[in-house]
Amino acid sequence: MQHSTEFPIVIDLDKRIFKEDEDVAISMAKAILASETRSQYVCYHDKKPIGMINVEINNDEAMIFGLGVLSEYRGKGYAKDMLCLLIHELKKVDISSISLEVDSNNPEALALYMSCGFEKVKSFEYYRMDLHD
C-alpha cells in the first residue's frame, strides 16, 4: 500500500470499485489531493492497483472512508491488510480514535470492521433520490 497522488489510478479505482461516474471520481480525487487533512492510499498486487483506502485526520481523530477492493480481488484479505496497515500507521502518530461509516446492508464490510476491533456506535438510515433517470 502506498500513498497516492496518481490521479488516473485513483479515478479508475474509484469508478470500478464504487461504481462512481467519472465526474464524481475526479471531484473526489481532486478534493483529497487538495486537502491538508485527507490522504489516499492505493493497494498493489503484482504491481497492479487493486484497492484503495482514504483517511481524514483532524487533531487526534481519524475518519476512514472509501475503503474498497476490485471485485476480482475480494475475499483474499486485501481489504483487511489495508485496514490493519492503516490502523498501525495511525497508532504511530498518536491518533486517539478512528471512525468510519458502513452500510448496514453490507455484511462483508461489517464483518471486516468488527474483526479489526471496530464497534458499532450509532446507526443511521440513508435515503436517496436519483434525479438523472
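Before reading further, recall that the structure is shown in the block above.
Keep in mind that this is a model prediction, so the values were computed, not measured.

Q: Before we move on, can you summarise the packing of aromatic side chains with the specific residues and values?
A: Counting across every chain of the model gives two aromatic pairs. Judged by centre distance (6.2 Å) and plane angle (75°), the rings of tyrosine 73 and tyrosine 78 are edge-to-face. On the basis of relative accessibility, which here comes to 16%, the residue tyrosine 78 falls in the buried class. Ring geometry for tyrosine 113 and phenylalanine 118: centres 6.0 Å apart, planes at 70°, overall edge-to-face. On the basis of relative accessibility, which here comes to 10%, the residue tyrosine 113 falls in the buried class. Its relative accessible area of 14% is what places phenylalanine 118 among the buried residues.

Q: Residues and numbers for unusual backbone geometry, please.
A: Although it is not a glycine, lysine 19 sits at a positive phi angle of roughly 60°. Turning to its location among the elements, lysine 19 is positioned in the loop between α1 (7-18) and α2 (22-34). Under the relative-accessibility criterion, lysine 19 is labelled exposed at 66%. In this structure, asparagine 59 is a non-glycine residue whose phi angle is positive, near 60°. Turning to its location among the elements, asparagine 59 is positioned in the loop between β3 (48-58) and β4 (61-69). According to the relative accessible area criterion, asparagine 59 is exposed, its value standing at 75%.

Scoring rules and cut-offs
Residues numbered from 1 in each chain as written. Predicted model: local features only at pLDDT ≥ 70, side-chain atom pairs only at ≥ 80, totals over all residues. Heavy atoms only, no water. Phe/Tyr/Trp six-rings, centres within 6.5 Å; stacked < 30°, edge-to-face > 60°. Buried < 20%, exposed > 50% of the residue type's maximum accessible area, 1.4 Å probe, protein only. Helix = DSSP H or I, 4+ residues; strand = E, 2+ residues; numbered from the N terminus.

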